[in-house]
Amino acid sequence: MVQYSQVDRTFAALADPTRRGILERLGRGSATISELAQPYGISLTGLKKHVRVLEDAQLVTTEKVGRRRECSLGPRRLDDAQEWIGMYRRMLDERLDRFGELLERHERSRR
């Protein structure tokens with residue numbers, strides 16, 4: 001069952017291009033906050049805020065390693081969003097199937 005509060009957090013996290021970029025980068029492997037901040041030219045504090053949003057959505061995990069904070073892809077990934085999209089896709093497919101059946105009946109009645 002889709003947990004809508006989790007789906008809301010996931011889509012809110014994905015709504016920002018910086019956060020999507022962070023996820024893309026972490027898809028290639030773990031990185032520190034400093035490494036993630038560099039391509040965006042934003043402060044470490046600013047990047048930490050983005051990472052916190054991703055953590056709240058369980059898309060990213062962080063771990064303190066010495067003086068650095070390592071970021072990795074989280075355990076939930078996009079599971080809830082995928083489940084919601086799949087549910088929506090099935091609903092649309094069913095509607096299109098019914099529409100197709102209606103068109104077929106209409107064509108047969110015109111013959």
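See the structure above.
Residues numbered from 1 in each chain as written. Predicted model: local features only at pLDDT ≥ 70, side-chain atom pairs only at ≥ 80, totals over all residues. Heavy atoms only, no water.

## A closer look at the sheet that holds strand β1 (residues 31-32)
Line of reasoning, step 1. With respect to topology, 3 strands assemble into an open sheet ordered β1-β3-β2, the strand pairing being antiparallel. Each having just a single partner strand, β1 and β2 (60-65) make up the two edges of the open sheet.
Line of reasoning, step 2. Bridge analysis of β1 against strand β3 (residues 68-73) gives 2 bridges, and the strand direction is antiparallel. Opposite T32, over in β3, you have E70 as the bridge partner.
Line of reasoning, step 3. Packing of helix α2 (residues 17-26) onto the sheet brings it into contact with β1, β2 and β3, and relative to β3 it is tilted by some 85°.
Line of reasoning, step 4. On the sheet, helix α4 (residues 44-56) packs against β2 and β3 and is oriented at approximately 120° with respect to β2. (Pairing = 2+ DSSP bridges. Helix = DSSP H or I, 4+ residues; strand = E, 2+ residues; numbered from the N terminus. Contact = heavy atoms within 4.5 Å. Axes fitted to C-alpha atoms, helices over the stretch in contact; angles between N-to-C directions.)

## A word on the pattern of salt bridges
Line of reasoning, step 1. Enumeration according to the criterion identifies 3 salt bridges in this entry.
Line of reasoning, step 2. Between E104 and R108 there is a salt bridge whose closest N-O contact spans 4.0 Å. Highlighted residues: E104 and R108, both in helix α5 (residues 79-110), separated by 4 residues, approximately one helical turn. (Salt bridge = Lys/Arg side-chain N within 4 Å of Asp/Glu carboxyl O.)

## Examining the packing of aromatic side chains
The description of an aromatic ring pair uses the distance of the two centres, along with the angle that the planes make with each other.
Line of reasoning, step 1. Following the criterion strictly, the structure yields 2 aromatic pairs and no others.
Line of reasoning, step 2. Plain terms: the ring middles of F11 and W84 are 5.8 Å apart, the flat faces sit at 80° to each other, and that makes the pair edge-to-face. One end of the pair, F11, is in helix α1 (residues 4-14); the other, W84, is in helix α5, and 73 residues separate them in sequence.
Line of reasoning, step 3. On the basis of relative accessible area, W84 is assigned to the partly exposed category, the value being 27%.
Line of reasoning, step 4. Three or more aromatic residues joined by ring pairs make a cluster, and in this case those are F11, W84 and Y88. (Phe/Tyr/Trp six-rings, centres within 6.5 Å; stacked < 30°, edge-to-face > 60°. Buried < 20%, exposed > 50% of the residue type's maximum accessible area, 1.4 Å probe, protein only.)

## Overview of the environment of A37
Line of reasoning, step 1. Among the structural elements, A37 can be located in helix α3 (residues 33-37).
Line of reasoning, step 2. You can call A37 buried: its relative accessible area is 4%.
Line of reasoning, step 3. Sequence separation of A37 and C71 is 34 residues, and the distance between their C-alpha atoms is 12 Å.
Line of reasoning, step 4. Apart from the residues lying within four places of it in its own chain, the contact partners of A37 are I42, L44 and L47.

## As for α2
Line of reasoning, step 1. Regarding α2, the residues found buried are T18, R19, G21, I22, L23 and L26.
Line of reasoning, step 2. Its side-chain oxygen at 2.8 Å from the backbone nitrogen of T18, D16 defines the N-terminal cap of α2. (Polar contact = N/O pair within 3.5 Å; in protein donor to acceptor, adjacent residues only side chain to side chain.)

## Considering the side chain of R19
Line of reasoning, step 1. Relative to the helices and strands, R19 resides in helix α2.
Line of reasoning, step 2. Lacking a salt bridge, the buried R19 has D16 as its closest oppositely charged neighbour, with an N-O distance of 4.5 Å.
Line of reasoning, step 3. Once residues lying within four places of it in the same chain are set aside, the contact partners of R19 are A12, A13, H50, V53 and L54. (Lys, Arg positive; Asp, Glu negative; His and termini not counted.)

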